[in-house]
Amino acid sequence: MRSSSRVVWLASMVAVATWTFSVAAQDHAQHAQPSTPHAAAGHSHADAAKMKNPVKPAPASVAAGKTLYDTQCASCHGTAGKGDGKMAAMMNPPKPSDLTDGTWKHGATDGEIFTLIRDGSKGTAMRGYAARMQTEQIWNVVNYLRTLAPPAHPSR
Ligand code: HEC
């Protein structure tokens with residue numbers, strides 16, 4: 001008796017987890033299309049702004065984000081995030097953004113920064129990382145970027 005109720009409990013937990021995952025996947029599918037053409041001036045993405053960062057900015061997340069940043073982003077954005085990486089000098093505008101200035105051309109919320117990293121900035125050297133990083137890894141990078149710049153927007 002007891003073990004069968006445990007099985008029911010386990011099955012319902014699996015069902016909830018599956019449901020949560022599919023909702024999250026749908027949410028991503030909706031955001032998969034970046035708005036085109038992509039505005040060159042500062043702007044925001046209302047749908048992306050509503051996304052909540054599911055990963056707490058705990059030291060482990062920030063450290064994981066830094067490791068990813070150092071290996072995949074610093075070549076353009078610079079080791080300190082100033083937009084002065086080795087590749088930046090030979091690049092046509094727009095140049096890699098200064099990620100420490102608290103100015104976010106594509107929106108200042110965690111959700112907008114996440115979406116920009118995932119989808120990239122169309123027509124620029126900033127390519128989307130959707131195929132190269134897992135969702136949680138991108139959030140870790142967002143949490144790390146938050147330590148470089150003061151939040152310009154009280155997003156959480
Ligand atoms: C090949 C060079 C290159 C690499 C590598 C690169 N970026 Fe970028 N990034 C750019 C450029 C260029 C822009 C400016 C795009 C624009 O103006 O729309 C940009 C813009 C951004 C922005 C938008 C800043 C704002 O003001 O809204 C963020 C955030 C960002 N990059 C994060 C990252 C992260 C995180 C990585 C690594 C996972 C990364 N970038 C890797 C070139 C690069």
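Everything quoted here is computed from the prediction, not taken from an experiment.

A. Spatial organisation of the overall build of the protein chain. For the protein chain, the count of helices and strands is six helices and zero strands. Written out in order from the N terminus, the α and β elements of the protein chain read α-α-α-α-α-α. Within the protein chain, the fraction of its 156 residues that count as buried is 22%. Taking contacts inside the protein chain between residues at least 6 apart in sequence as the whole, the part at least 24 apart equals 63%.

B. Structural view of the confidence of the model for the protein chain. Looking at the protein chain as a whole, the pLDDT averages 84, with 72% of positions reaching at least 70. Residue range residues 20-35 is modelled with pLDDT below 50. Its contacts to residues more than four positions away, or to other chains, number six contacts.

C. Quick look at the packing of helix α5 (residues 110-119) against helix α6 (residues 135-148). Close contact between α5 and α6 brings their axes to 9 Å; oriented N to C, the two are set at 125 degrees. Relative to α6, the element α5 is oriented oblique. Seen along the crossing, α5 lies across α6 with a hand that is right-handed. In this structure, α5 contributes D110, I113, F114, I117 and R118 to the contact, and α6 contributes I138, W139, V141, V142 and L145.

D. View of α5. Of all ten residues in α5, ten are buried, a share of seventy percent or more. Among the residues of α5, D110, G111, E112, I113, F114, T115, L116, I117, R118 and D119 are the ones counted as buried. G120 lies just past α5 and shows a positive phi near 80 degrees.

E. Representation of the nonpolar core in the model. The biggest cluster of nonpolar side chains holds 16 residues, and the ones touching the most others in it are I113, F114, I117, I138, V141, V142 and L145. With six residues, the top contributor of residues to this core is α6. Setting aside chain neighbours within four positions, we find V142 in contact with N53, D110, I113 and F114.

F. View of the site of the ligand. Around the ligand, a shell composed of 24 residues is seen, among which C73, C76, P94, S121 and M126 lie nearest. At the level of secondary structure, the elements contributing two or more residues to the shell around the ligand comprise α3 (59-72), α4 (74-77) and α5. Partitioning the shell around the ligand into residue classes produces 15 nonpolar, seven polar and two charged.

G. Quick look at α6. If you check α6, its first and last C-alpha atoms are 21 Å apart, about what 14 residues at 1.5 Å a residue would give, namely 20 Å. The elements touched by buried residues of α6 are α3 and α5.

H. Representation of unusual backbone geometry in the model. Note that the residue after P93, namely P94, is joined by a cis bond; omega there is 0 degrees. Relative to the elements of secondary structure, P94 occurs in the loop between α4 and α5.

I. Quick look at the environment of A88. Tracing the backbone through its elements, the reader meets A88 in the loop between α4 and α5. A count of 17 C-beta atoms within 10 Å places A88 in the partly exposed class. With ten residues separating them in the primary sequence, A88 and G78 have C-alpha atoms 8.3 Å apart. Apart from residues lying up to four places away in sequence, A88 is in contact with C76, G83, K95 and P96.

J. Broad picture of the packing of α3 against α6. The geometry of α3 relative to α6 is characterised by a closest axis approach of 7 Å and an angle of 95 degrees between their N-to-C directions. Looking at the two axes, α3 sits roughly perpendicular to α6. On the side of α3, the interface is formed by S61, V62, A64, G65, K66, L68 and Y69, while α6 contributes Q137, N140, V141, N143, Y144 and T147. By residue class, the composition of the contact of α3 with α6 is six nonpolar, six polar and one charged.

Cut-offs used in this document
Residue indices follow the written sequence of each chain, beginning from 1 at its first position. Residue-level local features of this predicted model are given only where pLDDT is at least 70; pairs of side-chain atoms are given and counted only at 80 or more, and the full residue set underlies all totals for whole chains, interfaces and linings. The helix count covers DSSP runs of H or I at least four residues long, the strand count covers runs of E at least two residues long, and both are numbered beginning at the N terminus. Neighbour counting defines burial: a residue surrounded by 20 or more other C-beta atoms within 10 Å of its own C-beta is buried, one with 12 or fewer is exposed, and intermediate counts give partly exposed, using backbone-placed C-beta atoms. Placing C-beta atoms from the backbone, we regard two residues as in contact once those atoms come within 7 Å. Predictor confidence is given residue by residue as pLDDT, running from a minimum of 0 to a maximum of 100. Between the N-to-C directions of two axes lies an angle of 0 to 180 degrees, each axis being a line fitted to C-alpha atoms and, for a helix, fitted only over the stretch in contact. Angle categories: roughly parallel below 35 degrees, roughly antiparallel above 145, roughly perpendicular from 65 to 115, and oblique for all the rest. Handedness of a helix crossing follows the sense of rotation of the near helix relative to the far helix, less than a right angle counterclockwise being left-handed and clockwise being right-handed. A set of buried Ala, Val, Leu, Ile, Met, Phe, Trp, Tyr and Cys residues, joined through C-beta atoms within 7 Å, is what we mean by a nonpolar core. Using a C-beta atom placed from the backbone, a residue is described as near a molecule or strand when that atom lies within 6 Å of it. Each residue gets one of three labels, nonpolar for Ala, Val, Leu, Ile, Met, Phe, Trp, Tyr, Cys and Pro, charged for Asp, Glu, Lys and Arg, and polar for the others, Gly among them. Expected helix span is taken as 1.5 Å per residue step, with the number of steps being one fewer than the number of residues.

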